Amino acid sequence: MLNFIILAVFFISAIFHTLAGFGFPLISTSVLFTILPPKTAIILTLIPTFFMNVASIYTFVKFKEIIEIFKKYAVLFIFSAFGSYIGSHILIAFPSGIYKLLLSVSVLIYLNKDKFYINFGDFVQRHFQFSLFVFGLISGIIGGLINAMVIVLAILILELNLSKGMAIAVMNLCFLTNKISQISTFAAFGEFGSKEILFGAISVAVCFAALFITNKFKDRVSDELFKKLVKLTLIFFAIFILVQYFLEILKWL
């Protein structure tokens, strides 16, 4: 029964990811955190997330564009992978719910940045490469810890004011390097083997079904609606993760 629930979560997450171009690992991991240990939840999402990232890149951009994106955002991808390596090591050695709290607070502050007079736009434009380094490293660490790098990347995407197609390509290429780093790290520690690969293959079949069903509707999501989806996703999951953290604290009281 648990396996069917996990696959249902993957199916729903894949539908959202197909429409918005992002969100599969964040949605699936956040839900699975409520029924599985964090490390187990993250490991189970690795292969289906990898598949969804490749599918999104293939759907929204051409091969020549991928090469150009790699050249322009190479620093982001490289340090995202490095950050993921660090985050995965921290998760294996020091699993803790405090990471959820820190992430949620950071996102809620960003969403209210106008009230705090916080603006990253000028900084990102003036210090582009350094911004890619910072956002890549932080998003990678968070991705390695709790599979929520999209929250940090969404901040960068919104500040760069990228189009829907370019934003989806940049995020998914970043996710892809993150997943490669995570899979390599967990495999090196003996946490990722044939059992996980088999379940991953089944998960990919489920995600493909969701992708096939939803693919015809994806073009209806405009650039403006896409940006609203990003912001709404940030709000929902910042609150969701925060509530989840405090519920875990209450269990120990």
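About the criteria used
- Residues numbered from 1 in each chain as written.
- Predicted model: local features only at pLDDT ≥ 70, side-chain atom pairs only at ≥ 80, totals over all residues.
- Heavy atoms only, no water.
- Phe/Tyr/Trp six-rings, centres within 6.5 Å; stacked < 30°, edge-to-face > 60°.
- Helix = DSSP H or I, 4+ residues; strand = E, 2+ residues; numbered from the N terminus.
- Buried < 20%, exposed > 50% of the residue type's maximum accessible area, 1.4 Å probe, protein only.
- Polar contact = N/O pair within 3.5 Å; in protein donor to acceptor, adjacent residues only side chain to side chain.
- Core = buried A, V, L, I, M, F, W, Y, C linked by side-chain atoms within 4.5 Å.
- Contact = heavy atoms within 4.5 Å.

(A) Structural view of the packing of aromatic side chains. Applying the stated criterion across every chain yields a total of 8 aromatic pairs. Between tyrosine 73 and phenylalanine 128, the aromatic rings sit 5.8 Å apart at their centres with planes inclined by 65 degrees, giving edge-to-face as the arrangement. Placement of tyrosine 73 in the loop between helix H4 (63-72) and helix H5 (74-93) and of phenylalanine 128 in helix H8 (residues 128-146) is noted, with a sequence separation of 55 residues between them. Assigned by exposure class, tyrosine 73 and phenylalanine 128 land together as buried.

(B) Spatial organisation of the environment of serine 139. Its location among the elements puts serine 139 in helix H8. Residue class for serine 139 comes out buried when judged on its relative accessible area of 0%. Residues serine 139 and valine 105 lie 34 residues apart in sequence; the distance between their C-alpha atoms is 15 Å. A distance of 2.7 Å separates the side chain of serine 139 from the backbone oxygen of phenylalanine 135, its partner in a polar contact.

(C) Molecular detail of the nonpolar core. By size, the foremost hydrophobic cluster in this structure holds 68 residues, and its most contacted members are Phe10, Ile69, Tyr73, Leu76, Leu103 and Ile151. Take this core: its biggest share by element is 10 residues, from helix H9 (residues 149-160). In contact with leucine 103, not counting residues within four places along its chain, are Ile142, Ile146, Ala148, Ile151 and Ile241.

(D) Region of interest: the environment of leucine 108. For leucine 108, the position within the fold is in helix H6 (residues 98-111). Among the residues examined, leucine 108 registers a relative accessible area of 26% and is labelled partly exposed. On a C-alpha basis, the gap between leucine 108 and alanine 238 in space is 6.7 Å, while along the polypeptide they are 130 residues apart. Excluding residues within four positions of it along the chain, leucine 108 makes contact with Ala238, Ile239 and Leu242.

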